[in-house]
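# A structural walkthrough
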Amino acid sequence: MSTFVFDFSQGNKDQKDLLGGKGANLAEMTNLGLPVPPGFTITTEACRAYLANGSEPETLAAEIAEHRRALEEQMGRRLGDPVDPLLVSVRSGAKFSMPGMMETVLNVGLNDESVAGLAQQSGDERFAMDSYRRLLQMFGNTVLGVDGHVFSEELDRLKSRRGSDADVDLLTEDLHELVSTYKELIRDHTGGEFPQDPADQLAQAMRAVFDSWNTERARLYRRQERIPEDLGTAVNVQAMVFGNRGMTSGSGVCFTRDPASGMRGSYGDYLQNAQGEDVVAGIRNTIPLAQLAEIDKASHDELVEHMETLEHHYRDLCDIEFTIESGKLWMLQTRVGKRTAEAAFRIARTMAAEGLIDLDEALRRVTGAQLANLMFPRFDTDAEQKPIARGMNASPGAAVGKIVLDSETAVEWAGRGDDVILVRTETNPEDLHGMVVARGILTSRGGKTSHAAVVARGMGRTCVCGVEAIEVDVSSRKIRVRGGPTLAEGDVISIDGTTGEVFEGPVPVVPSLVVRHFEGEVDEEDDVVTAVAQILEHADAVRRLGVHANADTAEDAARARRFGARGIGLCRTEHMFLGERRQLVENLILADDNVAQEAALSELLPLQRRDFVGILEAMDGLPVTIRLIDPPLHEFLPDYTDLSVQVSLDDERGQEDGRQHKLLDAVKRLHEQNPMLGLRGVRLGIVIPGLFLMQARAILEAAADRIDAGGDPHPEIMVPLVGAARELEIVRDQILGVAKAVESERGVTIPHRVGTMIELPRAAVTADRIAATAEFFSFGTNDLTQMTWGFSRDDVEASFFSTYLEHGVFPVSPFESLDTEGVGALVRTAVRLGREARPELGLGVCGEHGGDPASIHFFDEVGLDYVSCSPFRVPVARLEAGRSALERR
């Protein structure tokens, strides 16, 4: 029989799958002897059974009752006792942290009788009534489904009548009135009474936490963070300790290092006379943790000691929640803290230097997504700026956009292409969809541990919190800056998440220091840049997988090399035919005999050769994979509708243009219902052989030029869209004939290889036959994904992908991260068959997936030699290739 409930003393930090992150860490702190209020955890298995069957397992109620009685005995108090009641908190706790996405209910066990016992036992009636109104508010919203604004509006109305801005100023009689009002609200909105039975409260709260796993905001967060849908959440039932028992009590959240910068020290927020939810909700502005030493030095010093214990035990930045009840410190939660990209690299490097972790672990602690975040631009300090306010630097970066005052507007405006800054008094979990689409987030309340700050850091969004000078007036759709301007929704502001500054109007942005480091432009020392360089150096030392770049110009190739690329994995030659050269391609298409065709090709040849010389020079000594022209020829012709209108107008004016008519005839002739499946790639090279031959000659002559100049070129000629071995044989024989001729003409031996892209399912499953001719494969995963799924990328992402994501058809777009089950199976098959036929076969990938962290791990695992991605993704790919190597040890 399964056990669904475990006491805190029965678990440890390695049981996150069963106990959830919060439950496992509560157990670990209990084992360490830290002052943790006792309690028990209802497992994720119970949640999964509940969600699957619509009801909890048969034995669960009895197990909860048994653990509740044990907790009552341990505490010497009984849940709901009218004389000396035990109260408990009921909190969610999934394997992966989902801050604010699921439910919490505090003060469970209070009712009309036990609240009097709490008042008598504590000697503080105001505290007891405040605790009761909090339970009614949280239970009413979380469990009974009453809109939370209904309660907050009544609280604000009462404070306004009393002439107060803070709930701590309300008197005991005010709280009696508020409790009565809240009970009436529950009755009016649900048709029933607030449950007075504490056991019923506990059971309903548990179910509400289970149900919160499937709320829209929780599902959206999991999609955003790529957390599996089937994990479920644990529920932690813990004896309450009270931070709202007066000014010698309070609650706080702290970090063993600054989660924004990674600097050593004690960082956090503390709020006197408050429960923990007040801190993270940002309803009152907190004080820095350092000020706690002035208020309660003994508790502060004990907290610092426990923080050091936890950091050394976990060997990582720890995020800690605590409460002080009448001068007694209690540790309520710890977890490995979320951090900004800057903090992640700084912490990894400094902890390695301190000997807490080794360089392998430092590499594991950072991600490609974090490195990409560090490469974001920042504000130009030399540009004109109009600072209007300053808050807390909650999540770094530079964000410019139009002010929007609610999440619905953010989604609407972002959907039409506007950059937006979500400005709120404080955010709550319902704002997640607006936070996802916003460039940045600005709140007038809250600190570095508020909901806005925590979620923004997790998503890599720029965020400034606690800008007290800003009043957000949603009703008039304006924000008012104390001593500054009044701005309307739609006005542009700029926010700096690194400094906390807010600027009126747009501020220009400049490349990050990390990008400038890769470009060789940084003179000053910067410890984050140093951390990135050291960790990347270690990644390069441990990785097996090579990293190449997609580059179509000499400038891009040079940049890729500066960023650490060890070759070009994809040079798209069709990009060289655009702009002023388009007319030369038109000449080729309009050629009506071999002489005209040869003339058109001879005009293109020197231009192509010059392009290739520059790229080969930039990548001297390294492989350069050049794809022969891939798209259908009609892409180089004018739009049919536009051309038809122009020809008709010219004819009406008596300005008939013979070339325009020929172009229109060519457009009609080359029109295809589905051009991506038509005359393109290798098919084009077979039908118009002179085109591929001209490109092959340009590549090989460019290589000969580089050899003559003392260079060391390594061109690789890639034939696209091959589906049958015979197609490649035909084109390869032609290329080898050109190579022989160029070598004879120039008197040099040109090192080169001929291979193909694997972008059709048929090519993947017949890879052994194709490998008999090909010297290398490069997986074109963009087209391979389209062909495998039957998706037209240009159409489906906008039309129905959002619906597919909501329904869990796939957790992330297969164009963003490789579909390892379907497309990945084809890659595996092609790798196995190709290497069986030709053991020395070169294998790489040149689709967009080559720069995606999750996909890179897959490509390493299946045995590719390299990934190729855009130059700016090269450092990310290097890092993830190193992390993948450690993962596979």
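Relevant structure appears above.
Rules of the game
- Residues numbered from 1 in each chain as written.
- Predicted model: local features only at pLDDT ≥ 70, side-chain atom pairs only at ≥ 80, totals over all residues.
- Heavy atoms only, no water.
- Pairing = 2+ DSSP bridges.
- Helix = DSSP H or I, 4+ residues; strand = E, 2+ residues; numbered from the N terminus.
- Axes fitted to C-alpha atoms, helices over the stretch in contact; angles between N-to-C directions.
- Buried < 20%, exposed > 50% of the residue type's maximum accessible area, 1.4 Å probe, protein only.
- Phe/Tyr/Trp six-rings, centres within 6.5 Å; stacked < 30°, edge-to-face > 60°.
- Salt bridge = Lys/Arg side-chain N within 4 Å of Asp/Glu carboxyl O.

What follows covers the sheet that holds strand 1 (residues 5–7). In space, the five strands of this open sheet follow the order 1-2-7-5-6, with antiparallel pairing throughout. In this open sheet, the two edge strands, each paired with only one partner strand, are strand 1 and strand 6 (104–108). Across the sheet, the mean angle from the axis of one strand to that of its neighbour is 20°, orientation sign disregarded. Of the pairings in the sheet, the one linking strand 5 (residues 88–94) to strand 7 (residues 233–239) comprises seven bridges and is antiparallel in character. When the sheet's bridge partners are listed, Ser92 is paired in strand 7 with Val235.

Right, let's get into unusual backbone geometry. Located in the positive-phi region is Arg315, a residue other than glycine, with phi close to 55°. You can see Arg315 is positioned in the loop between helix 12 (297–314) and strand 11 (318–325). The partly exposed category is assigned to Arg315, whose relative accessible area is 35%.

For the structure on display, the rule yields 15 aromatic pairs. When the centroid spacing of 5.2 Å and the interplanar angle of 40° are considered together, the rings of Phe518 and Phe563 count as tilted. Separated by 45 residues along the polypeptide, Phe518 in helix 19 (residues 513–518) and Phe563 in the loop between helix 21 (554–562) and strand 27 (568–572) bring together distant segments of the chain. As far as burial versus exposure is concerned, Phe518 and Phe563 are alike and both buried.

All right, on to the pairing of strand 5 then. Counting buried residues along strand 5, seven of its seven residues qualify, which places the element largely inside the surrounding structure. By the alternation rule, side chains of strand 5 split into Val88, Val90, Ser92 and Ala94 and Ser89, Arg91 and Gly93, which are all buried.

This paragraph deals with the environment of Val542. Position of Val542 among the secondary structure elements: in helix 20 (residues 527–542). Under the relative-accessibility criterion, Val542 is labelled buried at 19%. It is 8.6 Å that separates the C-alpha atoms of Val542 and Ala881, two residues lying 339 residues apart in sequence.

Take the pattern of salt bridges next. Using the criterion set out here, one finds 67 salt bridges in the structure. With a closest N to O distance of 3.0 Å, Glu311 and Arg257 form a salt bridge. In this pair, Glu311 is assigned in helix 12 and Arg257 in strand 8 (residues 250–257), connecting sequence segments 54 residues apart. Owing to a relative accessible area of 0%, Arg257 belongs among the buried residues under this scheme. A salt bridge links Arg572 to Asp552, with the shortest nitrogen-to-oxygen separation between them at 3.2 Å. Taken together, the residues Arg572 in strand 27 and Asp552 in the loop between strand 26 (546–550) and helix 21 connect sequence positions 20 residues apart. What emerges from the salt-bridge pattern is a single network uniting Asp316, Arg339, Glu361, Arg364 and Arg365.

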